[in-house]
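Chain residues, written in single-letter form:
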Amino acid sequence: MTDSAKPTLMVVDGHSLAYRAFFALPVENFTTKDNQHTNAIYGFLSMFVNLIKAEKPTHLAVAFDTSRHSFRTDVYPEYKATRSETPQEFRGQIPLLQDCLAAMSVPVLTKEGIEADDILATLATQGAQQGYDVLVVSGDRDTIQLVTDDVTLLYPSVQGVSQLKRYDPVTVQDRYGVRPEQYPDIAALVGETSDNLPGVPKVGEKTAVKWLTQFGSLDELLERAEEIKGVVGGNLREHLEDVRRNRRLNRLLTDVELPVAPADLVVAPIDAQGVRDIFARLEFRTLLPRVFEAVGAGEVADDPASAVVLPQPVELAAAEFATWVEAQEGEVALRITTQGGAPTRVGAATGTEVREIDWSEAAADSLRGWLESDSPKVLHDAKPQVKALLGAGIRLAGLAYDTSLAGWLLRPSFPDKTLVDLVERYLGEKLPQADPSQLVPETEGATPSQEAWFALRVAAALREDIPESVARVLTEIELPTLLTLADMEVAGVAVSHDVLSGFSGELATRADGLAQDAFALVGREFNLGSPKQLQEVLFDDLQLPKTRKTKTGYSTDAAVLADLQESNPHPFLGLLLQHREATKLRQIIESLDTAIRDDHRVHTTYVQTGSQTGRLSSTDPNLQNIPVRTEESRRIRSAFQVGDGYEALLTADYSQIEMRIMAHLSGDEGLIEAFNSGEDLHRFVGARVFGVEPSDVTAAMRTKVKAMSYGLVYGLSAFGLSKQLRIEQSEAKQLMVEYFARFGAVRDYLRASVLKAKEVGYTETIFGRRRPFPDLSSPNRVLRENAERAALNAPIQGSAADIMKIALFHIHDDLRSEGLASRVLLQIHDELVVEVAPGEWDAAERIVRSRMGDAAELSVPLDVQVGRGQDWNEAAH
DNA sequence: ATGTAGACGTA
DNA sequence: CGTACGTCTACATG
């Protein structure tokens, strides 16, 4: 019925609709891993994008209440007073919802002391006067009064938030029996319980409509109230003032002063990256394409790129290509495409020109000199390219910049690691990509040299944004580490298939036996590996008490099973735990075994941008989580063996590096003394905390202070400590008090460090690596406290990561520069595994000890433990 | 085929 | 209600 020539203004009551969504959607399904509830946000946005898609408004705004206080509460303090407190879980979602809307370029309107519906009423009135078709979207019945021929109300039906009922003057008349502008008269007579506005007793909608029809208007009715007979007549006469008050309060303001007019609310292009970022944080996946679809691809603000003119690649012969790159004065960007780990093409770029060639023997020969020279080169994600060159016998040097690492250092929390992402974020352009789903792509992807050209420009943009200290972390730590990691990945580590498969067979037999015993106990067979089926068995068949709740049911993890075993001993529990252990070990062994390559070695990939703190991560397979805790699991480590042509494995690990960093950063004299005394740390701390001689520290005391010390680094609470140690919360609290009485500077440092982070918005390691923490000032308590713990940990874990990286590449470089064949194979956060060539043990040990010990100048020594063996397990002692 | 939840391995 | 990771299985989606 809308006149397509007229613009459509849609105004939405964000508060009331989000509130309905909050109750409509089960919170279990809408909680992020950080425990942020998102049901109201999701429900609102879901409905919102449907609306935009269906109604295609040309102008758009969402209004929110500021607080419960408004001019209505000034007039009538009891207004809405009976409403229960809006839950914190709901209120916390509103700022995030507003962030989403901001990213979608939707104006968010609020005004102190004014309710959202008054803003709606004002805009609707103005819009209708100015020739718009107006759509009011609200869950508050009072907005019915706004309906006219030009103003339509969309009101959520009882079925749910996604169903909106459309009210025009005819529908209102049909449903309520009065014209829209009379609806407040009915509401005034009937009253509104939810707003704590009592009406006339015994008067409902029917009576109210009858009276209004009979008298023509509310004023007339109140004037001639004497004419109404019976009990209700009496009631009306007794409540005249209430009705007048109700009518005053339910009249929406149409003259609120706003900073915007309808014309200012024209639909704007969305901030595509901003929407991606916040949706990623809220863990919305399916919503993203819906938003983009609703706003229409043409409306997305990341388009202007098509206007960028790409330099056209010039294909050269190998010798000419080498001459060209060698002739360049400044940095040259480089992009080596690979297939199966071998180079296929090479592209090079300066700011204005691009050149490329196919990879070939001739190309390798011509380019070797330049590639191995110090001439500065800029790459995006250099490591796989460095590895491909190593495979071709070329060792890349002169690595001046890696845009992937730089992007990560600047924003470690964002997953935009591809060049496409960086081009979009830092250049606001689109890197042309061929559609991989099409055999004959409609759009040409960028060529290698064009990608290099983009990388060079991204590097320039990143250099603008990156603070000095972070830039130094890139050039002085990350880039040399990258080259070291490439060598480590290429080297791999020898793993014995025979050791693994023997163990795997044993475990399989054992797991089978345990499963059969368990089935016999329960009286039926089921899948022990299914948490769902397991719950039935534990809580229905065996009638064990319910445990800790999870999103989908009750937990069956090892900790709660151990608790259950204590409170309700049952032989099934023991079998289950043993079965879990056996199958877990077997699964680790299997995945390791399938990762063994033809050279009998396992080649992991270190993800240098894989953490937010500066640590590495390891994938395909992950060699940083090989079991070690139990005697049995260490058999897996004995499968990691010294390779052919080498003499021994050397392991070197930092002892208590995080506590040492804490001692250094806090300057706590007690802790510094502990490390300088040479005494066992936990014994020393235990002696101080419990006021006994170090020799009198019992095992129990040591366990307690050890847990406390480690917990400190993670922001542990008395609650967490009591749980971990299985002691009373009061005792944990007391332990913390005693601990801090002796080591107070530690607490002072931790407090000050979080406070500083809140002030500047980021944390910093000893070497200047930064991690942003926007959530430290979040009004949402869960988000804020999570951020506080992470912020407390980040400088400590991050500094340890920095120190290890520095030691790692120095060891790597020293081994090479001394012409040794020994090589570093693995890094497990605070441990290195080195494969030592015959006759090189002493040299290797010397280099490892000195480089690890001297990696940083702290106020306490960096202690390094070195072990030697034929396999990883043996070398660990 | 792809994604999520629960569980669990490491520092 | 302790930080940082990766990977497996089962199971629910498409």
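Definitions and cut-offs
Residues numbered from 1 in each chain as written. Chains lettered and ligands numbered in written order. Predicted model: local features only at pLDDT ≥ 70, side-chain atom pairs only at ≥ 80, totals over all residues. Heavy atoms only, no water. UniProt positions renumbered as here; feature names shortened; annotations may be inferred. Helix = DSSP H or I, 4+ residues; strand = E, 2+ residues; numbered from the N terminus. Near = heavy atom within 4 Å. Polar contact = N/O pair within 3.5 Å; in protein donor to acceptor, adjacent residues only side chain to side chain. Nonpolar A, V, L, I, M, F, W, Y, C, P; charged D, E, K, R; others polar. Buried < 20%, exposed > 50% of the residue type's maximum accessible area, 1.4 Å probe, protein only. Contact = heavy atoms within 4.5 Å. Domains from an automatic or database assignment. Buried area = accessible area lost by both parts, 1.4 Å probe. Salt bridge = Lys/Arg side-chain N within 4 Å of Asp/Glu carboxyl O. Axes fitted to C-alpha atoms, helices over the stretch in contact; angles between N-to-C directions. Parallel < 35°, antiparallel > 145°, perpendicular 65-115°, else oblique. 1 Å grid on protein atoms, 1.4 Å probe; cavity = no way out; pocket = protein on both sides within 12 Å on 5 of 7 lines; lining within 4 Å. Points joined across faces, edges and corners; volume = space filled by probe spheres on them. Arc of directions from axis to C-beta. Core = buried A, V, L, I, M, F, W, Y, C linked by side-chain atoms within 4.5 Å.

As annotated in an unreviewed UniProt entry, chain A carries the name DNA polymerase I and is attributed to Microbacterium hydrocarbonoxydans. Listed under Catalytic activity (unreviewed entry) in UniProt, the entry text for chain A is "DNA(n) + a 2'-deoxyribonucleoside 5'-triphosphate = DNA(n+1) + diphosphate". UniProt, in the comment section headed Sequence similarities (unreviewed entry), describes chain A in these words: "Belongs to the DNA polymerase type-A family."

Before going further, it helps to examine the UniProt feature "domain: DNA-directed DNA polymerase family A palm" (unreviewed entry) in chain A. UniProt records the feature "domain: DNA-directed DNA polymerase family A palm" (unreviewed entry) at residues 633-840, using the numbering of this structure. The annotated region residues 633-840 carries 59% helix and 12% strand content, and the separation between its end C-alpha atoms amounts to 30 Å.

Of all residues adjacent to DNA strand B, which total 20 residues, the nearest are Arg285, Thr552, Thr556, Val628 and Arg629. Counting only atoms of DNA strand B within 4 Å of the protein, the sugar-phosphate share comes to 86%. Thr550 places a side-chain nitrogen or oxygen 3.1 Å from a phosphate oxygen of DNA strand B. Measuring from a phosphate oxygen of DNA strand B, one finds a backbone N or O atom of Val628 at 2.7 Å. Of the residues contributing to the surface near DNA strand B, the split by class is 5 nonpolar, 7 polar and 8 charged.

For Asn235, the location among the structural elements is in helix α11 (residues 230-238). A relative accessible area of 12% places Asn235 in the buried class. Ignoring anything within four residues of it in the chain, the contact list for Asn235 reads Val200, Pro201 and Lys202.

Split into domains, chain A comes out as domain 1 (8-169 + 253-297), domain 2 (313-466), domain 3 (497-599) and domain 4 (658-792). Domain 1 and domain 2 are separated by 46 Å when their C-alpha centres are compared. Listed as interface residues are 4 residues of domain 1 and, on the opposing side, 5 residues of domain 2. Between domain 1 and domain 2 lies a buried interface of about 330 Å² when both sides are counted; carbon and sulfur atoms form 42% of it. Looking at the side of domain 1 facing domain 2, the largest losses of area belong to Gln273, Arg276 and Asp277, adding up to 91% of the total buried there. Summed over the shared surface of domain 1 and domain 2, the number is 0 salt bridges.

Contact pair helix α30 (residues 699-712) / helix α32 (residues 729-742): the axes reach a minimum separation of 11 Å and the direction vectors enclose 75°. The angle between α30 and α32 falls in the class roughly perpendicular. Across the interface between the two elements, Lys704, Val705, Met708, Ser709 and Leu712 from α30 touch Glu731, Leu735, Met736, Tyr739 and Phe740 from α32. Per-class residue counts for the contact of α30 with α32 are 7 nonpolar, 1 polar and 2 charged.

So, about the layout of surface pockets. If you add up the space inside the largest pocket, you get close to 1500 Å³. What lines the largest pocket is a set of 41 residues, and nearest its centre among them are Val628, Arg629, Arg637, Asp830 and Glu831. Of all the secondary-structure elements, those providing two or more residues to the lining of the largest pocket are α25 (571-594), α26 (634-637), β20 (648-654), α27 (657-666), α30, α34 (781-817) and β25 (864-869). In terms of residues, the lining of the largest pocket owes the most to one element, α25, which gives 5 residues. Residue composition of the lining of the largest pocket, grouped by class: 15 nonpolar, 13 polar and 13 charged. Counting residues domain by domain, the lining of the largest pocket receives three or more from each of domain 3 (497-599) and domain 4 (658-792).

Turning next to the pattern of salt bridges. Summed over the entire model, instances satisfying the criterion amount to 45 salt bridges. The closest approach of N and O atoms between Arg726 and Asp563, which form a salt bridge, is 2.5 Å. In this pair, Arg726 sits in the loop between α31 (718-725) and α32 while Asp563 sits in helix α24 (residues 558-567), placing the two residues 163 residues apart along the sequence. Since its relative accessible area comes to 48%, Arg726 is described here as partly exposed. Residue classification places Asp563 among the partly exposed residues on the basis of a relative accessible area of 40%. The shortest N-O distance in the salt bridge between Glu658 and Arg615 comes to 3.8 Å. Of the two residues, Glu658 is situated in helix α27 and Arg615 in the loop between β17 (605-607) and β18 (617-619); the sequence distance between them amounts to 43 residues. For Glu658, a relative accessible area of 13% puts it in the buried group. Bridged by salt links that share partners, the residues Glu315, Arg345, Glu356 and Asp358 form one connected network.

Following the sequence through the fold, Leu735 ends up in helix α32. On a C-alpha basis, the gap between Leu735 and Gln656 in space is 21 Å, while along the polypeptide they are 79 residues apart.

Within α11 the residues assigned to the buried category are Gly233, Asn235 and Leu236. An end-on view of α11 places all buried positions within 160° of arc, on one side of the element. Exposed positions of α11 whose direction lies more than 90 degrees from the buried face are Val231 and Glu238. Tucked into the core, α11 has its buried residues touching α8 (183-190), α9 (205-215), α10 (218-223) and α12 (240-249).

With that settled, consider the side chain of Asn250. Note that Asn250 resides in the loop between α12 and α13 (272-282). Classification of Asn250 as buried rests on a relative accessible area of 4%. Separated by 3.1 Å, the side chain of Asn250 and the backbone oxygen of Pro184 make a polar contact. Here the side chain of Asn250 touches Arg247 through a polar contact of 3.1 Å, side chain to side chain.

This part takes up the nonpolar core. With 160 residues, the main nonpolar core has Ile636, Tyr654, Leu671 and Met852 as its most contacted residues. No other element matches α34, which puts 14 residues into this core.

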